[in-house]
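# Examination of the molecular architecture
So you can see what is in the structure, the chains are spelled out below.
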Amino acid sequence: MIQSTTIISVRHKGRLAIAGDGQVTLGQTILKQTAKKIRRLYKGEVLAGFAGATSDAFALFARFEGKLEEFKGNLSRAAIELAKDWRLDRALRRLEAVMIVADKENSFLISGTGDVIEPDDGIIAIGSGGPYALAAARALIRHTDLSARDVVLEAMKISAGICVYTNDEIVIEEL
């Protein structure tokens, strides 16, 4: 498990929201509290978030954006091609990160083992605080009338209260 962050994506009531915390740790030391781990890609039409090594994530963002350009914004195709390259390319295989990517229609988790996973319920969470945020988001959607943005915010707050690798400096992007 990557011990580095929490990123959550929620598709709810016709909206998509992705949130990430701002904490960067090295071992047991907090190095930064206001990092931005969520990015808008491909003319602002795609949201992406990462958990893992920062330089690896930036390399993956650049590679993924290239795939989006190559496939004219087709998120599914770009995600599959990135996962294929990530798994097969000797240099990329060493990258230690996991990504969530989403547009108005699709959401995927992409990993270096070749996984391209689309959630059944529109909720994906990654990083060390991911399981806490995922559980919180599922409960909030089932038992409240909150918007996608409010669900990711509350789920992140809950995760930050449990996971030592997650803080409450939350960045949210929406589509």
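This write-up is about the structure you can find in this document. (Residues numbered from 1 in each chain as written. Predicted model: local features only at pLDDT ≥ 70, side-chain atom pairs only at ≥ 80, totals over all residues. Heavy atoms only, no water.)

### Focus on the overall build of the chain
Each helix and strand in the chain was counted, giving four helices and 11 strands. For the chain, the C-alpha radius of gyration of 15 Å lies close to 16 Å, the compact-globule estimate for 175 residues. Principal-axis analysis of the C-alpha atoms places the extent of the chain at approximately 40 × 40 × 25 Å. Sequence separation of at least 24 residues holds for 62% of the intrachain contacts in the chain that already meet a minimum separation of 6. With an accessible surface of roughly 8,600 Å², the chain has 49% of that area assigned to carbon and sulfur atoms. (Helix = DSSP H or I, 4+ residues; strand = E, 2+ residues; numbered from the N terminus. Rg over C-alpha atoms; globule rule 2.2 N^0.38 Å. Contact = heavy atoms within 4.5 Å. Areas by Shrake-Rupley, 256 points an atom, 1.4 Å probe, with all protein chains shown as cover.)

### With respect to the packing of helix 3 (residues 130-143) against helix 4 (residues 148-160)
Taken N-terminus to C-terminus, the directions of helix 3 and helix 4 make an angle of 135°; their axes are 8 Å apart at the nearest point. Considering the angle they form, helix 3 stands oblique to helix 4. Here helix 3 runs over helix 4; the crossing is right-handed. Contacts from Tyr-132, Ala-133, Ala-136, Ala-137, Leu-140 and Ile-141 in helix 3 reach Val-151, Glu-154, Ala-155, Ile-158 and Ser-159 in helix 4. In terms of residue class, the contact of helix 3 with helix 4 is built from nine nonpolar, one polar and one charged. (Axes fitted to C-alpha atoms, helices over the stretch in contact; angles between N-to-C directions. Parallel < 35°, antiparallel > 145°, perpendicular 65-115°, else oblique. Left-handed = near helix turned anticlockwise from the far one by under 90°. Nonpolar A, V, L, I, M, F, W, Y, C, P; charged D, E, K, R; others polar.)

### A word on the packing of helix 1 (residues 54-70) against helix 2 (residues 75-88)
Where helix 1 contacts helix 2, the axes come no closer than 9 Å and their chain directions differ by 135°. With respect to their mutual orientation, helix 1 and helix 2 come out oblique. Here helix 1 and helix 2 pass one another in a crossing that is right-handed. Between helix 1, through Leu-60, Arg-63, Phe-64, Lys-67 and Leu-68, and helix 2, the contact on the second element is made entirely by Leu-75, Ala-78, Ala-79, Glu-81, Leu-82, Asp-85 and Trp-86. Tallied by class, the residues present in the contact of helix 1 with helix 2 amount to eight nonpolar, no polar and four charged.

### Here we look at the sheet that holds strand 6 (residues 46-52)
The strands making up a sheet associate through hydrogen bonds between their backbones, and the pairing can be parallel or antiparallel. Across the sheet, which stays open at both edges, the five strands sit in the order 5-6-7-8-9 with antiparallel pairing between neighbours. Lying at the two open borders of the sheet, with one neighbouring strand each, are strand 5 (38-41) and strand 9 (116-117). Bridge analysis of strand 5 against strand 6 gives four bridges, and the strand direction is antiparallel. Opposite Ile-38, over in strand 6, you have Gly-49 as the bridge partner. The sheet strands contacting helix 1 are strand 5, strand 6, strand 7 (97-102) and strand 8 (107-111), and the helix crosses strand 6 at an angle near 155°. Each of strand 6, strand 7, strand 8 and strand 9 touches helix 2; the most contacted strand, strand 8, lies at about 10° to it. (Pairing = 2+ DSSP bridges.)

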